[in-house]
Amino acid sequence: MTSGDELRRSLLNDWQRGFPLTTAPFARIAATLGCSEAAVIEQFQALRAQGELSRIGGVFAAGAGGAGLLAAVAVPPAQLDAVAALVSAQPGVNHNYEREHRWNLWFVLNGRSAGAVQRTMDALEAVLQLPTLRLPMQRAYRIDLGFDLGGPVGRSPTDTRGEAPAPLPAAEWPLAALVEQGLPLVRRPYDLWALQLGCDADRVLDTLARWQREGTLKRFGAIVRHHELGFDANAMTVFDVPDDQVDARGAALARDEAVTLAYRRERATHWTYNLYCMVHGRHRDGVRATLDAVVQRAGLSDCARETLFSRRRFKQEGAQRFRDLDRQAHHAL
């Protein structure tokens, strides 16, 4: 019989990947853990209520659909809280952090199309009247944020497939939107999705399985909130890499189990960096030591770089690339 603490640890750690694609997924998990289906559902509900679990859902590969933009703003310290609140109020913003740098507010804006994202960004800049960087992604080398929660620094299976083989057809976007929102915590959750979509549950399950095989869906399972679980010493390191070398160096980062995210972005005026990686950890010293080793292993020692630790988290939720941003974007402005 699995104890309460063991059940919590297993649900948060072991089911970030490989969540059952079967009619009664929580019963399948319960059978492997030696507890009841009701206990699994109740524990997932408690973890979500406590903020440790964001949702049970999926992380889509770059290029699966929609558009996203990383942006940074140089905000005077006295204005930071007000500006961060304005940015967080935008429905397309899913991550919004203060980082230790002159460019101190960093956020990700998502939407159904590049045009929708750019229109929202235009409106934000017009209101903010502050120096802003727009840093669109050029290539994803690793992007799923699923890692072992047992150590001082996040480590996960190496996976260099950061991009979808092709965009999802429009007919599959409604299911993708449900995957982003999260699975209902009920006995037969896929039946509810099927009801919403007007199809049968087998079709839902077959589509999810195909997306995973093809690499469109990076993983499907527990999406945890790392800050609540003690991983709050998180650092984004940016590198200035010659353009003819950046893909090789990015692939090397993606093969490193200590790297949780790795991607290439456009340079900008006043921002020469084109390669990014994230390391998530519990303590700054451990993250710095890990980063030093990562830089050596990836052959990046000779590249100019900066490390920007997160200072405050203003907003963190799942990306919503499959909903209509245009209908919601400007109400908060």
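Residues numbered from 1 in each chain as written. Predicted model: local features only at pLDDT ≥ 70, side-chain atom pairs only at ≥ 80, totals over all residues. Heavy atoms only, no water.

**Student:** Help me understand the environment of P20 in this model?
**Tutor:** Residue placement: P20 occurs in the loop between helix 1 (4-13) and helix 2 (25-33). Distance from P20 to G221, taken between C-alpha atoms, is 8.3 Å for residues 201 residues apart in sequence. (Helix = DSSP H or I, 4+ residues; strand = E, 2+ residues; numbered from the N terminus.)

**Student:** For this particular structure, what's the right way to read unusual backbone geometry?
**Tutor:** Negative phi is the rule for most residues except glycine; trans is the rule for most peptide bonds. The backbone of Q129 shows a phi angle near 55 degrees, a positive value even though the residue is not glycine. Inspection of the secondary structure assignment puts Q129 in the loop between helix 5 (114-128) and strand 5 (132-135). A residue is classified by how much of its surface remains accessible, and Q129, at 64% relative accessible area, is exposed. (Buried < 20%, exposed > 50% of the residue type's maximum accessible area, 1.4 Å probe, protein only.)

**Student:** Sorry if this is basic, but what is going on with the packing of aromatic side chains here?
**Tutor:** Each pair of aromatic rings is reported with the distance of its centres and the angle of its planes. Tallied over the entire structure, the rule returns 13 aromatic pairs. For the ring pair Y190 and W193, a centre distance of 6.1 Å and an interplane angle of 75 degrees mean the geometry is edge-to-face. You can see Y190 and its partner W193 sitting in helix 7 (residues 189-197), 3 residues apart, about one turn around the helix. Between the aromatic rings of W193 and F220, the centroid separation amounts to 6.5 Å while the plane-to-plane angle is 70 degrees, which identifies the pairing as edge-to-face. Residue W193 is located in helix 7, and its partner F220 is located in strand 7 (residues 217-224); the two are separated by 27 residues in the primary sequence. We classify W193 as buried; its relative accessible area is 1%. (Phe/Tyr/Trp six-rings, centres within 6.5 Å; stacked < 30°, edge-to-face > 60°.)

**Student:** Can you walk me through the confidence of the model for the protein in this structure?
**Tutor:** One rule of thumb: low pLDDT means the predicted coordinates there are not for detailed reading. Mean pLDDT over the protein stands at 92; residues scoring 70 or higher make up 94%. Note on residues 325-333: pLDDT under 50 across the span, and 30 contacts to partners over four residues away in sequence or across chains. (pLDDT = per-residue confidence, 0-100. Contact = heavy atoms within 4.5 Å.)

**Student:** What is the right way to read the packing of helix 4 (residues 80-88) against helix 5 from this model?
**Tutor:** Between two packed helices, what matters for the description is the angle formed by their axes and the separation of those axes. For the pair helix 4 and helix 5, the least separation of the axes is 11 Å and the interaxial angle reads 160 degrees. Classified by the angle their axes make, helix 4 and helix 5 are roughly antiparallel. The chirality of how helix 4 crosses helix 5 is right-handed. Counted together, V83, L86 and V87 of helix 4 and L124, V127 and L128 of helix 5 form the full contact between these two elements. (Axes fitted to C-alpha atoms, helices over the stretch in contact; angles between N-to-C directions. Parallel < 35°, antiparallel > 145°, perpendicular 65-115°, else oblique. Left-handed = near helix turned anticlockwise from the far one by under 90°.)

**Student:** Would you take a moment to explain a nonpolar patch on the surface for this structure?
**Tutor:** Side chains of V186, L192 and L195 sit close together on the surface and give an oily, nonpolar patch of about 270 Å² of accessible area. Within the element layout of this structure, L195 appears in helix 7. What makes L195 exposed here is its relative accessible area of 67%. (Patch = residues over 30% accessible without salt bridge, like charges linked within 9 Å, V, L, I, M, F, W, Y side chains within 5 Å. Areas by Shrake-Rupley, 256 points an atom, 1.4 Å probe, with all protein chains shown as cover. Salt bridge = Lys/Arg side-chain N within 4 Å of Asp/Glu carboxyl O.)

**Student:** Whenever I open this one, the pairing of strand 8 (residues 235-240) confuses me. Can you help?
**Tutor:** Residues in a regular strand project their side chains so that they alternate between the two faces of the sheet. Burial of strand 8 is extensive: 5 of the 6 residues sit out of reach of the surface. Note: strand 8 against strand 10 (residues 275-279), 5 bridges, orientation antiparallel. Bridge assignment links A235 to a residue of strand 10, and that residue is V279. Pairing analysis gives 6 bridges linking strand 8 to strand 11 (residues 304-316), with the strands arranged antiparallel. If you follow D240 over to strand 11, its bridge partner there is A304. (Pairing = 2+ DSSP bridges.)

**Student:** Looking at this structure, I do not really get the packing of helix 2 against helix 3 (residues 37-50). What am I missing?
**Tutor:** Where helix 2 meets helix 3, the closest approach of the two axes is 8 Å, and the angle between their N-to-C directions is 110 degrees. As far as their axial angle goes, helix 3 and helix 2 are roughly perpendicular. Facing F26, A27, I29 and A30 of helix 2, the residues of helix 3 in contact are E37, V40, I41 and F44.

**Student:** Please clarify how the layout of surface pockets should be interpreted in this entry.
**Tutor:** Rolling a probe over the atoms, with the probe sized like a water molecule, indicates the empty space that remains. Of the voids in this model, the largest pocket is the one considered here, and its volume is about 1100 Å³. What lines the largest pocket is a set of 50 residues, among which N94, H95, V108, I143 and A319 lie closest to the centre. A breakdown of the residues in the lining of the largest pocket according to their chemical character gives 23 nonpolar, 17 polar and 10 charged. In this structure, the second largest pocket encloses a volume near 190 Å³. In terms of lining residues, the second largest pocket is bounded by A171, E172, P174, L175, L197, G198, C199, R203, V204 and T207. Take the lining of the second largest pocket: its biggest share by element is 3 residues, from helix 8 (residues 201-214). (1 Å grid on protein atoms, 1.4 Å probe; cavity = no way out; pocket = protein on both sides within 12 Å on 5 of 7 lines; lining within 4 Å. Points joined across faces, edges and corners; volume = space filled by probe spheres on them. Nonpolar A, V, L, I, M, F, W, Y, C, P; charged D, E, K, R; others polar.)

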